[in-house]
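Overview (structure and organization)
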Amino acid sequence: MNRMFSFALPPSNYSHLGAVSHEKVPSTKSANFAQIPSWATLRTSPTTSLNAPHNQHGQVENVYLMALYKQGKLKEAYEFITEIDKAGVSVSPHSYQCLFETCAKSKLLSDGRLIHDWMRRNLKNPSGFLENCVIQMYCDCGSLSEAQKVFDEMLERNRFSWIIIISAYANGGLLSNAFGLFSRMIELGIKPNSSIYTSLLKSLNNPSVLEIGKQMHCHVIKSGLVSSASIETAISNMYVKCRWLEGAELVFDRMVKKNAIAWTGLMVGYTQAENKEDALKLFVKMVREGVELDDFVFSIVLKACAGLENLNLGRQIHGHILKLGLESEVSVGTPLVDFYVKCASFQSACRAFDRINEPNDVSWSALVCGYCQTGEFEEFFKVFQSIRFKSLLLNSFIYTNIFQACSVLADFNTGAQVHADAIKRGLVADLHGESALITMYSKCGRLDHANQAFESINEADTVGWTAIISGHAYHGNAFEALKLFRRMVEFGVRPNAVTFVAVLTACSHSGLVTEAKQFLDTMSGEYDVNPTIDHYDCMIDVYSRAGLLNEALDLITRNGALYQLHLVKAETARAFIPKEFRLVEAFGYTLGGFFLASYDHSPAGVFDELVVIAGLVWNPPTSCAWAAKVLVNSDEACDHGRKYVGLPSQVARFSKRITSIPGKPKSKFSGFLNMMGMGTTVGSPNDCMDVQVTEISRPAATDVCSINLTTPVPVLNKCMGPAIKMSLPSFSGRTQYNPNLLKYSCQIECRVRAVQPAKVCGLSRGDQRQSFGQDTSTTEDLTHTGQKLSVSVLLSKPILALEFTSLEMQVEAPTVISHCPKPEGC
């Protein structure tokens, strides 16, 4: 039979805890536990000693106190502290530690304050260890000001005190506070350890603090801690977050021991920088070196495969996942589903989904997204109905997809019902979900509901404003759309490229030609939005609807380019190619040609350009074209080409003359040629453009060449060719203007089609013009002057000509290649 005991303490010495029966309570003054509820008494077995050792005073109370806090009985625990204090029993340092740790873990700031106040009243000289526990509690509970106050009041701070407070500021993103304390610590002669460096390095997570990161890297080297794997990993990941991949690669390559975190960190950096190929190469290297792969690695590499739409490689990775037995794990199965969805392999996505043991809401979201992309809306709604009552499987992303599906189907009834359901569950996503609602109601023809959805947004972002502007634009409410656009600008929300498509569409539907042209002309200057092919298409539509076909045609042809490829004699090209490059030859000939372009939007502004390509050269592992001469009609473009792109640019004058020639009767091959973009429309006139290029960099201007183009009148959007985006990596430099070899790339958006090659004419001896349609000169003639050499590239028969329209170009900053060894045989 268990006995019930209460505590009785001697009046003069509370170091002894006695346990006696109720019938044998001594006459001495006992502790007042009358107010303690029944749960506060302890039960013990008959074998429990009735007389506890002298040195265990308060031990039972402290154990019980900690048990109360661990069980979450905070109110009872605080009452118990009060009562044992009245009885003269002290809370032990270990108990304080446990109490502060419990408050920190559960973010119980108010309870932590009460315990801290109690400790200050009852413990005159707390140890530095306990004060560190208090600082840690306040930091974990998010009250850094109170943590700082305790830190400032400490009589003696040890290194752990600095670690706690600096790490808290760093983790909270308060870099000035963190690095200010770090500087004070260094000044006081306290040596930082790896923990402080790791915390500070983790806090540096954007390009604006890259220089601070570099300084921290230097400081780590000086401290002698750079060989630590955790420090090296933190430095590499810091450079990744600051978007300096070269630095991350340098640190990574020098690591003696690379852990999985370092590998995955660099993979994340490649993926974020759109270097998906490098991310995949790094994954292959991980596999070859036997690095342990986890679910996070597979999520990254599958994302890279999805971005490249590399279905075959993704399937190989899937096979590796199968070997490791990870396919059923939700952390791996979900990225697999997402990968197959983005690669348009929906059946594989469904099979991957079925193999997940316990799919979560993200898994269902990926599957739902697949149904939407494939247009299987009936199956999509079936899936939604099957999970709508499982609230744990629903999220705002799924509802956003439903709104988008209803937009495609223009299904107002279903959309309104789902909207109501999302409101009840509180799953209308801020901004993205609300913007999808606006689009849905607009596509369903209910602008009243779209307006209500828009007005319900607290602070609409660019997407929300664009959605409501687009809704009114596509319903012909041009003046309302433009009014909303002006409101958007007044509220300080920056429009994007999609916004201007909506604005130009509104102008098109209402015949607002002047307004549309003004928007197109001011996009770049006032709003920092460069016009793209879509905007030019809209403007062409504006002109065409207003009957201004000549203006539409002029817009199509003035922002264009011609690329023409020739077979050039090898000795001709070699005269302009530096000897350290290896010439790619085929039977004594190589490929050369010219590129004639007009740019409206580029890093150097508006200019015309003629690039004479001497031939293809080989700089392992990439082949590239060597520009023998670059002529531009802009001083700014000339300087930009020399300094930033490394091209041998010169200033020239471009004169254009356009004449109209009658159309030819339709031949039996016209249909086929029109399909290829090389034919002419029957009965339509053609434009003949004569471009005279005159170099003016010398005292006496010198005519370089004349290029005759014959361009058929295009049927809008049919003969312009398909819209394409491409990145053109290349090498340049090693010229008298730029001695370095530069690697750079151009991001180009345009439409392209095959056309008849242009005729190029230049000056021969005696100022007699000669056609460059045939090769009639010798090497001796060609090497007479540099001027003739540059033009002589065009002396052979052209083999290909491509016309680019609506051309947009962005040149990335070049990378200097410091060492380029001379190939053998040059």
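As the structure is a prediction and not an experimental result, all values here were calculated from the model.

Considering the packing of helix α21 (residues 396-409) against helix α22 (residues 412-425)
Helix-helix packing is characterised by the crossing angle of the two axes and by the distance between the axes. In contact at an axis separation of 9 Å, α21 and α22 are set at 165° when each is read in the N-to-C sense. Viewed along their axes, α21 and α22 adopt a mutual orientation that is roughly antiparallel. α21 and α22 meet at a crossing whose hand is left-handed. In contact with Tyr399, Ile402, Phe403 and Cys406 of α21, α22 contributes Thr414, Gly415, Val418, His419, Asp421, Ala422 and Arg425.

Thoughts on the UniProt feature "repeat: PPR" (unreviewed entry) in the protein chain
The feature "repeat: PPR" (unreviewed entry), as given by UniProt, occupies residues 127-157, 158-192, 259-293, 360-394 and 461-495 in the numbering adopted here. This span, residues 127-157, is 74% helix and 0% strand, and a straight line between its end C-alpha atoms measures 10 Å. Span residues 158-192 is 74% helix and 0% strand, its end C-alpha atoms 11 Å apart.

So, the pairing of strand β13 (residues 741-754)
The element β13 is extensively covered by neighbouring structure, given that 10 of its 14 residues are classed as buried. As defined by bridge partners, β13 adjoins strand β17 (residues 815-817) across 3 bridges and the pair is classed as antiparallel. Pairing of lysine 743 across the sheet is with threonine 815, part of β17.

Focus on a negative patch on the surface
A cluster of acidic residues, Glu292, Asp294, Asp295 and Glu329, forms a negative patch on the protein surface. Along the chain, the position of aspartate 294 falls in the loop between α14 (276-288) and α15 (295-308).

Quick look at the packing of aromatic side chains
For the structure shown, the criterion picks out 19 aromatic pairs. The interplanar angle of 20° and the centroid separation of 6.3 Å between the aromatic rings of tyrosine 96 and phenylalanine 100 together place this pair among those described as stacked. Of this pair, tyrosine 96 and phenylalanine 100 both sit in helix α3 (residues 93-105), 4 residues apart, which is roughly one turn of that helix. Overall, tyrosine 96 belongs to the buried group, its relative accessible area being 3%. Taking the relative accessible area as the measure of exposure, phenylalanine 100 reaches 2% and is therefore buried. A centroid spacing of 6.2 Å and a plane angle of 55° characterise the contact between phenylalanine 595 and phenylalanine 804, whose relative ring orientation is tilted. Taken together, the positions of phenylalanine 595 in strand β6 (residues 589-599) and phenylalanine 804 in strand β16 (residues 798-811) put the pair 209 residues apart, joining distant regions of the chain. Taken individually, phenylalanine 595 and phenylalanine 804 each receive the classification buried, so the pair is uniform in this respect. An aromatic cluster of three or more residues is present, and its members are Phe485, Phe500, Phe519 and Tyr527.

A closer look at the confidence of the model for the protein chain
For the protein chain, per-residue confidence averages 76 on the pLDDT scale, and residues scoring 70 or more make up 77% of the total. This stretch, residues 713-718, has a pLDDT under 50; its non-local contacts, to residues over four places away or in other chains, come to 12 contacts. Across residues 819-826, confidence stays below pLDDT 50; counting only partners more than four residues off in sequence or on other chains, it has 11 contacts.

Quick notes on helix α26 (residues 478-490)
Given a rise of 1.5 Å per residue, 13 residues ought to cover 18 Å, and the 18 Å separating the end C-alpha atoms of α26 matches this to within 8%. Summarising the contacts, the buried residues of α26 are in contact with α25 (462-474), α27 (497-510) and α28 (513-527). Of the residues one or two after α26, glycine 492 is the one with positive phi, at around 80°.

Each value, and the rule that gives it
Residues numbered from 1 in each chain as written. Predicted model: local features only at pLDDT ≥ 70, side-chain atom pairs only at ≥ 80, totals over all residues. Heavy atoms only, no water. Axes fitted to C-alpha atoms, helices over the stretch in contact; angles between N-to-C directions. Helix = DSSP H or I, 4+ residues; strand = E, 2+ residues; numbered from the N terminus. Parallel < 35°, antiparallel > 145°, perpendicular 65-115°, else oblique. Left-handed = near helix turned anticlockwise from the far one by under 90°. Contact = heavy atoms within 4.5 Å. UniProt positions renumbered as here; feature names shortened; annotations may be inferred. Buried < 20%, exposed > 50% of the residue type's maximum accessible area, 1.4 Å probe, protein only. Pairing = 2+ DSSP bridges. Patch = residues over 30% accessible without salt bridge, like charges linked within 9 Å, V, L, I, M, F, W, Y side chains within 5 Å. Areas by Shrake-Rupley, 256 points an atom, 1.4 Å probe, with all protein chains shown as cover. Salt bridge = Lys/Arg side-chain N within 4 Å of Asp/Glu carboxyl O. Lys, Arg positive; Asp, Glu negative; His and termini not counted. Charge placed at Lys NZ, Arg CZ, Asp CG, Glu CD. Phe/Tyr/Trp six-rings, centres within 6.5 Å; stacked < 30°, edge-to-face > 60°. pLDDT = per-residue confidence, 0-100. Expected span 1.5 Å × (residues − 1).

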